[in-house]
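Secondary and tertiary structure notes
As a plain string of letters, each chain reads:
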Amino acid sequence: MLMAEEVLLLLVDDRTGRFLVDSTRLDNVLAGAVLVELVTIERVGFPPAGGGVKRGRMVVVDPTPPGDPVLDGALATVAARRPTKPEQLIAKVRKRLRATLLERLTAAGALRRSTRKVLGIPWRTTWPAVDSSHKRELRARLQDALVAGATPDGRTAALISRQGRAQGRRR
């Protein structure tokens, strides 16, 4: 499961299927999680100083497609641009990302699409949980790191940073 899918599971209420943050923050956090995963698997990164690229710009460091359609698409987006700030890449990567991830989680049996109709017109779509086992395991990993003081692995640490940003700015 992608980091972005795990973040999305954390940001959907299991019972109501509604998002716990507004849609703009959600889309930005999901795109950021995709970029973090590309950094984690060493496909994109920040070049060393003095390499002719301005500081704080992301570049492709390994053009080998990771083999996942979402990551492959994001890598192609980074590759198609000159060295760019992460914020600008997030704006490009986020397009249709949430819908794609929701479809994948629905196909995997984690979420269920539920559309409420008013007078026969689709009014609101929610995504209640079907199988919360992965989310429970994920929360246990996060609790071990955040509450019990266990040293998180790199993936869990990245999830903590993405989750905290999503909910921290909400206030």
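Fair warning: this is a prediction, and the values are worked out from it, not measured in the lab.

Observations concerning the overall build of the chain
Broken down by element type, the chain carries seven helices and four strands. Mapped in sequence order, the helices and strands of the chain form the string α-α-β-β-α-α-α-β-β-α-α. On C-alpha atoms alone, the chain measures out to a radius of gyration of 17 Å, which is about the 16 Å that the 2.2 N^0.38 rule sets for 171 residues. If one aligns the C-alpha atoms of the chain with their principal axes, the spans along those axes are about 60 × 45 × 35 Å. The contacts in the chain between residues at least 6 apart in sequence include a share of 56% that link residues at least 24 apart. Carbon and sulfur atoms provide 51% of the accessible area of the chain, an area that totals close to 9,800 Å². Taking the average location of the 31 positive side-chain charges in the chain and that of its 17 negative ones, the two points are 10 Å from each other.

What about the packing of helix α1 (residues 3–10) against helix α2 (residues 23–40)?
One way to put it is that α1 packs onto α2 with a least axis distance of 8 Å and a crossing angle of 145 degrees. Here α1 runs over α2; the crossing is right-handed. Contact with α1, carried on its side by Met3, Ala4, Val7 and Leu8, involves Leu26, Val29, Leu30, Ala33, Val34, Val36, Glu37 and Thr40 of α2 and no other residues of that element. Among the residues making up the contact of α1 with α2, the classes are represented as ten nonpolar, one polar and one charged.

Side note on the packing of α1 against helix α5 (residues 97–107)
Between α1 and α5, whose axes approach to 10 Å, the crossing angle comes to 85 degrees. Relative to α5, α1 is oriented roughly perpendicular. Within the contact between the two elements, α1 uses Ala4, Glu5, Leu8 and Leu9 and α5 uses Arg98, Leu101, Leu102, Arg104 and Leu105. Residues of the contact of α1 with α5, tallied by class, amount to six nonpolar, no polar and three charged.

What about unusual backbone geometry?
In the Ramachandran plot, Glu42 falls in the positive-phi region, its phi being about 60 degrees despite a non-glycine side chain. Among the structural elements, Glu42 can be located in the loop between α2 and β1 (44–45). Note on Glu42: relative accessible area 58%, which makes it exposed. In the Ramachandran plot, Arg96 falls in the positive-phi region, its phi being about 60 degrees despite a non-glycine side chain. By the secondary structure assignment, Arg96 is in the loop between α4 (86–93) and α5.

Focus on the environment of Ala33
The topology assignment puts Ala33 in helix α2. Note: C-alpha distance between Ala33 and Met58 (25 residues apart in sequence) is 14 Å.

Regarding the environment of Val12
Locating Val12 in the fold gives a position in the loop between α1 and α2. Here Val12 falls in the buried class, since its relative accessible area comes to 1%. Residues Val12 and Ser132 lie 120 residues apart in sequence; the distance between their C-alpha atoms is 11 Å.

A short note on the nonpolar core
Nonpolar side chains in soluble globular proteins tend to be buried together. The biggest cluster of nonpolar side chains holds 39 residues, and the ones touching the most others in it are Leu8, Val34, Leu35, Leu97 and Leu101. Listing elements by their share of this core, those giving two or more residues are α1, α2, α3 (69–79), α4, α5, α6 (133–146) and α7 (154–168). A per-element tally of this core places α2 first, with eight residues. Aside from chain neighbours lying at most four places away, what touches Leu97 is Leu30, Ala31, Val34 and Val70.

Cut-off values and rules
- Residues numbered from 1 in each chain as written.
- Predicted model: local features only at pLDDT ≥ 70, side-chain atom pairs only at ≥ 80, totals over all residues.
- Heavy atoms only, no water.
- Helix = DSSP H or I, 4+ residues; strand = E, 2+ residues; numbered from the N terminus.
- Rg over C-alpha atoms; globule rule 2.2 N^0.38 Å.
- Contact = heavy atoms within 4.5 Å.
- Areas by Shrake-Rupley, 256 points an atom, 1.4 Å probe, with all protein chains shown as cover.
- Lys, Arg positive; Asp, Glu negative; His and termini not counted.
- Charge placed at Lys NZ, Arg CZ, Asp CG, Glu CD.
- Axes fitted to C-alpha atoms, helices over the stretch in contact; angles between N-to-C directions.
- Left-handed = near helix turned anticlockwise from the far one by under 90°.
- Nonpolar A, V, L, I, M, F, W, Y, C, P; charged D, E, K, R; others polar.
- Parallel < 35°, antiparallel > 145°, perpendicular 65-115°, else oblique.
- Buried < 20%, exposed > 50% of the residue type's maximum accessible area, 1.4 Å probe, protein only.
- Core = buried A, V, L, I, M, F, W, Y, C linked by side-chain atoms within 4.5 Å.

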